[in-house]
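Residue strings, one per chain:
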Amino acid sequence: MPQGKLFLIPNVLAENTAMEVISPQVREVIAHTSHFLVENLRTARRYISSLKLGINIEELHLEILDKDTPLEGVSQLMMPLLKGIDIGVISEAGCPGIADPGALAVAYA
């Protein structure tokens, strides 16, 4: 079985700017991804909803990956990748994996 892909999904820096700054390619990835690692459940749901992609937020699998996530917990969060399921990493603002907990997912991958 092929492994899933880890997508680093940029988030907006200012409210109400998603439609102007988030590219169609990123929207396409979000629309076809059901598993996400996020810093905050509420703001991640709000962000995904703001893109108006017709996604049922309740059907998504969102897991917390934040500064308090132990290194040992990262491997558990990444298990869907080994089952061929893609995972999107969404930080609170900007691009994940630079100076936030998304770097743990990138290092694991």
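Q: How would you sum up the environment of Ile30? Please name residues and give values.
A: Mapped onto the secondary structure, Ile30 falls in helix H2 (residues 24-31). Using a relative accessible area of 0% as the deciding quantity, one classes Ile30 as buried. C-alpha of Ile30 to C-alpha of Phe7: the two residues are 23 residues apart in sequence and 9.1 Å apart in space. The residues contacting Ile30, other than those within four sequence positions of it, are Ile9, Phe36, Tyr47, Ile48, Leu51, Leu53 and Ile55.

Q: Can you break down unusual backbone geometry residue by residue, with the values?
A: Even without glycine at this site, Asn16 takes up a positive phi of about 60°. Of note, the phi angle at Lys52 is positive, near 50°, even though the residue is not glycine. Here Lys52 lies in the loop between helix H3 (41-50) and strand E3 (61-64). Since its relative accessible area comes to 68%, Lys52 is described here as exposed.

Q: Give a description of the pairing of E3 that names residues and reports values.
A: Two faces make up the sheet, and in a regular strand the side chains alternate between them. Bridge count between strand E2 (residues 35-38) and E3: four bridges; the pairing is parallel. Opposite His35, over in E3, you have His61 as the bridge partner. Read as a crossover between parallel neighbours, the route from E2 over H3 to E3 is right-handed.

Q: Please set out the sheet that holds strand E4 (residues 87-90) residue by residue, giving values where relevant.
A: Taken in spatial order, the four strands make up an open sheet running E1-E4-E2-E3, and their pairing is parallel. The strands lining the two open edges of the sheet, one partner per strand, are strand E1 (6-9) and E3. The average undirected angle you get between the axes of adjacent strands in this sheet is 25°. The strands touched by H3 are E1, E2, E3 and E4; relative to E3, the strand with the most contacts, the crossing angle is about 140°.

Q: Go over the nonpolar core with me, naming the residues and quoting the values.
A: Within the largest apolar cluster, 16 residues are counted, with the highest numbers of intra-cluster contacts made by Ile9, Ile22, Ile30, Phe36, Tyr47, Ile48 and Ile90. Mapped onto this core, the elements with two or more residues apiece are H2, E2 and H3. Sorting elements by how many residues they give to this core places H3 first, with three residues. Apart from the residues lying within four places of it in its own chain, the contact partners of Ile9 are Val26, Val29, Ile30, Phe36, Tyr47, Gly88, Val89, Ile90, Ser91, Gly94 and Pro96. Ranked by size, the runner-up nonpolar core spans nine residues in total, among them Val74, Leu77, Met78 and Leu81.

About the cut-offs
Residues numbered from 1 in each chain as written. Predicted model: local features only at pLDDT ≥ 70, side-chain atom pairs only at ≥ 80, totals over all residues. Heavy atoms only, no water. Helix = DSSP H or I, 4+ residues; strand = E, 2+ residues; numbered from the N terminus. Buried < 20%, exposed > 50% of the residue type's maximum accessible area, 1.4 Å probe, protein only. Contact = heavy atoms within 4.5 Å. Pairing = 2+ DSSP bridges. Right-handed = clockwise from strand over helix to strand, strands pointing away. Axes fitted to C-alpha atoms, helices over the stretch in contact; angles between N-to-C directions. Core = buried A, V, L, I, M, F, W, Y, C linked by side-chain atoms within 4.5 Å.

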